[in-house]
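# Understanding the architecture of this molecule
Residues per chain are reported as follows:
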Amino acid sequence: MLVPTHHFRDIEREPEYLQPEQCILPPDTGPVGTMWFIRDGCGIACAIVTWFLVLYAEFVVLFVMLIPSRDYVYSVINGILFNLLAFLALASHCRAMLTDPGAVPKGNATKEFIESLQLKPGQVVYKCPKCCSIKPDRAHHCSVCKRCIRKMDHHCPWVNNCVGENNQKYFVLFTMYIALISLHALIMVGFHFLHCFEEDWTNRLQAFGVTKKETAEPKVSHQEKKQPLKVSSTECSSFSPPTTVILLILLCFEGLLFLIFTSVMFGTQVHSICTDETGIERLKRKHQPREHRGSSWKAVEEAFGGAFSLNWFNPFSGPCHPAPLSDEDWVRQVADTNTETETETEDQSEDRKDEDSVEVTDD
């Protein structure tokens, strides 16, 4: 069965239409597992800002709220919990940023490679003209990464990487842990204001003779006022009240902003995993019915690395993937997959009008 094609795409019976002579295989980049890193100025700046904001929250929580607190049990429990969540958030961020999201082998659309596929009648392969690669189904080209990414959801500057097949779990964990530490910080700030503002800060002001009545007599002598104020170990903050208020307000603003943003991102990513539909596919689908690809729970298990366990929340364990295939076997599989589709709607064809294709037909 032939795959219908759009009028924007010329179909040829010979692979020369793909212009494979313009494709040159890239040099060997090293062994499997080489670190992936995108050299994008905006993405690097956003990643640095992300780390700075998390470390700022860490500073305020520890040195403004927990360490000066008189309740050591409260400080220890919340300190361990907050630091654990912050560590998992930053670890998830590193894994999402430094993990290959599922890049298609670059430059494999050579004449020799296409001829080696031995395409049969009815089979069709697609080439991305931007990165000169044989393009599998559900792969999209990222202009920032300059690669085609399998099951690409979107490019996120905050992790300086695409969110794709191999690192979506880490991105979901990153948004979840950032939302949790933001909520935890907001709760601690609320308790800090409730328990410390009236008691400790009012006592500090009264030490200078400031009371509710303007005519009140100072409680300390003039000589004592000239002495530097000693910070008691029972105070809620070792900083001055204005400095503490500014630090806490900034933390509240940061926590509220990131709580809303990461909660929304977490929800959309979980929905994408459950429906097995990326953000790009959802936008391209428009008002058409969603394609059913199988069980939602199975899709979640594949994304998070198997049956439900604590490893789902571990940024150091990866998702489930089939055994790696060689380039030749992988492309043959793509060609076979494309033949399964008998019809293609007008909108789906428009989405692929920028792709080159070659199709073998019966004479």
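The text that follows walks through the structure, step by step, so that each part is easy to find. (Residues numbered from 1 in each chain as written. Predicted model: local features only at pLDDT ≥ 70, side-chain atom pairs only at ≥ 80, totals over all residues. Heavy atoms only, no water.)

With that settled, consider the packing of helix α1 (residues 41-66) against helix α6 (residues 241-275). Where α1 meets α6, the axes come as close as 10 Å, and the angle between the chain directions of the two elements is 135°. On the basis of the axis angle, α1 is oblique to α6. Once α1 is placed against α6, the crossing between them reads as left-handed. For the pair α1 and α6, contact is made by Leu-53, Val-54, Tyr-56, Ala-57, Phe-59, Val-60, Val-61, Val-64 and Met-65 and by Thr-244, Leu-247, Leu-248, Leu-250, Leu-251, Glu-254 and Phe-258, respectively. Here the residues of the contact of α1 with α6 sort into 14 nonpolar, 1 polar and 1 charged. (Axes fitted to C-alpha atoms, helices over the stretch in contact; angles between N-to-C directions. Helix = DSSP H or I, 4+ residues; strand = E, 2+ residues; numbered from the N terminus. Parallel < 35°, antiparallel > 145°, perpendicular 65-115°, else oblique. Left-handed = near helix turned anticlockwise from the far one by under 90°. Contact = heavy atoms within 4.5 Å. Nonpolar A, V, L, I, M, F, W, Y, C, P; charged D, E, K, R; others polar.)

A separate point is the environment of Pro-101. Structurally, Pro-101 is set in the loop between α2 (72-98) and α3 (111-116). By relative accessible area, Pro-101 is classed as buried at 0%. (Buried < 20%, exposed > 50% of the residue type's maximum accessible area, 1.4 Å probe, protein only.)

As a further point, take the nonpolar core. Grouped together as the largest cluster of nonpolar side chains are 41 residues, with contacts concentrated most on Val-61, Met-65, Leu-251 and Phe-304. Going through the elements one at a time, α1, α2, α4 (168-206), α6 and α8 (296-304) are the ones with two or more residues in this core. Once residues within four sequence positions are removed from consideration, Leu-251 is found in contact with Tyr-56, Ala-57, Val-60, Val-61, Met-65, Ala-185 and Val-189. (Core = buried A, V, L, I, M, F, W, Y, C linked by side-chain atoms within 4.5 Å.)

When charged atoms on two side chains of opposite charge get close, those side chains can pair. Going through the model one piece at a time under the given rule, you end up with 4 salt bridges. Across the salt bridge formed by Arg-138 and Asp-276, the nearest N and O atoms sit 3.3 Å from each other. Here Arg-138, found in the loop between β2 (133-135) and β3 (139-142), pairs with Asp-276, found in the loop between α6 and α7 (279-285); they are 138 residues apart in sequence, far enough to count as distant. Among the residues examined, Arg-138 registers a relative accessible area of 15% and is labelled buried. A salt bridge links Lys-151 to Asp-276, with the nearest nitrogen and oxygen atoms 3.3 Å apart. (Salt bridge = Lys/Arg side-chain N within 4 Å of Asp/Glu carboxyl O.)

Another point: unusual backbone geometry. One non-glycine residue, Cys-132, lies in the positive phi region at around 55°. Note that Cys-132 resides in the loop between β1 (124-128) and β2. Here Cys-132 falls in the buried class, since its relative accessible area comes to 14%. Phi angles above zero are rare outside glycine, and Asn-160 is one such case at about 50°. Along the chain, Asn-160 falls in the loop between β5 (154-156) and β6 (161-163). Residue Asn-160 is classed as buried on the basis of its relative accessible area, which comes to 0%.

Under the definition given, this model contains 8 aromatic pairs. Ring centres of Phe-59 and Phe-63 lie 5.5 Å apart, and the angle between their planes is 35°; on these two criteria the pair is classed as tilted. Note that Phe-59 and Phe-63 are positioned in helix α1 at a spacing of 4 residues, about one turn of the helix. Clustering of aromatic rings is evident, with ring pairs tying together Trp-297, Phe-304, Phe-308, Trp-312 and Phe-313. (Phe/Tyr/Trp six-rings, centres within 6.5 Å; stacked < 30°, edge-to-face > 60°.)

Once that is clear, we can look at the environment of Ile-77. When you line up the elements, Ile-77 lands in helix α2. When its relative accessible area of 53% is taken as the criterion, Ile-77 is described as exposed. Sequence-wise, Ile-77 and Leu-66 are 11 residues apart; in three dimensions their C-alpha atoms are separated by 9.8 Å.

This part covers α2. The end-to-end C-alpha distance of α2 is 38 Å, a good match for the 39 Å that 27 residues give at a rise of 1.5 Å each. Two to three positions downstream of the cap, the backbone nitrogen of Val-73 sits 3.3 Å from a side-chain oxygen, assigning the N-cap of α2 to Asp-71. (Expected span 1.5 Å × (residues − 1). Polar contact = N/O pair within 3.5 Å; in protein donor to acceptor, adjacent residues only side chain to side chain.)

Geometric values such as these leave the question of function open.
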